[in-house]
Amino acid sequence: MSVQGEAGGQVREKTRIDVHEPRHYKVIMHNDDFTSMEFVVEILMDIFHKDGLEAERLMLTVHKSGRAVVGAYPYDIAVTKARMASARAREEGFPLRLTVEV
């Protein structure tokens with residue numbers, strides 16, 4: 001925006017716009033004794049878009065440590081991915097559990 005100044009010169013006014021990235025929430029996958037490792041890898045590749053090696057690494061972390069962060073997303077996306085994975089697990093008869101944390 002330009003405004004005519006008193007001496008006939010131009011005065012420029014800058015408007016500053018702050019854009020903030022949305023807070024990211026972690027999707028946590030929890031281990032259980034019933035969900036197959038193959039199914040976990042499939043979920044990680046299909047829903048969380050991990051490549052095969054990353055999916056296997058995460059699956060082993062869940063298996064050995066009891067849980068692992070499988071992704072960090074804005075809240076709505078994190079909840080949607082966790083629900084999609086849980087719903088698909090239920091359809092297949094698995095008790096896979098995912099939670100969303102800050």
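Here's what I pulled together on the structure shown here. None of these values were measured; they are calculated from a predicted model.

Thresholds, definitions, all that
Residues numbered from 1 in each chain as written. Predicted model: local features only at pLDDT ≥ 70, side-chain atom pairs only at ≥ 80, totals over all residues. Heavy atoms only, no water. Helix = DSSP H or I, 4+ residues; strand = E, 2+ residues; numbered from the N terminus. Rg over C-alpha atoms; globule rule 2.2 N^0.38 Å. Buried < 20%, exposed > 50% of the residue type's maximum accessible area, 1.4 Å probe, protein only. Contact = heavy atoms within 4.5 Å. Areas by Shrake-Rupley, 256 points an atom, 1.4 Å probe, with all protein chains shown as cover. Pairing = 2+ DSSP bridges. Axes fitted to C-alpha atoms, helices over the stretch in contact; angles between N-to-C directions.

## Let's talk about the overall build of the protein
- Each helix and strand in the protein was counted, giving 3 helices and 5 strands.
- Reading the helices (α) and strands (β) of the protein from amino to carboxyl end gives β-β-β-α-α-β-α-β.
- Over its C-alpha atoms the protein spans a radius of gyration of 23 Å, topping by over 25% the 13 Å that the globule rule assigns to 102 residues.
- On the principal axes, the C-alpha backbone points of the protein span a range of 80 × 25 × 20 Å.
- A buried classification covers 32% of the 102 residues belonging to the protein.
- A fraction of 66% describes how many contacts in the protein between residues 6 or more apart in sequence connect residues 24 or more apart.
- By element, 51% of the accessible surface of the protein is carried by carbon and sulfur atoms, the whole surface being about 7,300 Å².

## Re unusual backbone geometry
- At His49, a residue that is not glycine, the phi angle is positive and equals roughly 55°.
- You can see His49 is positioned in the loop between helix H1 (37-46) and helix H2 (52-65).

## A look at the sheet that holds strand S5 (residues 97-101)
- One open sheet accounts for 3 strands, arranged S4-S3-S5; its pairing is antiparallel. Only two strands of the sheet have a single partner each, and these edge strands are strand S4 (67-74) and S5. Neighbouring strand axes in the sheet, compared pairwise and without regard to direction, differ in orientation by 25° on average.
- In terms of strand pairing, strand S3 (residues 24-30) meets S4 through 7 bridges, oriented antiparallel. Paired with Val27 across the strands is Gly71, a residue of S4.
- Each of S3 and S4 touches H2; the most contacted strand, S4, lies at about 125° to it.

## Points about the pairing of S3
- Counting buried residues in S3 gives 5 out of 7 residues, a clear majority hidden from the surface.
- Direction of pairing for S3 relative to S5: antiparallel, over a ladder of 5 bridges. Looking at S5, one finds that Ile28 is bridged to Thr99.

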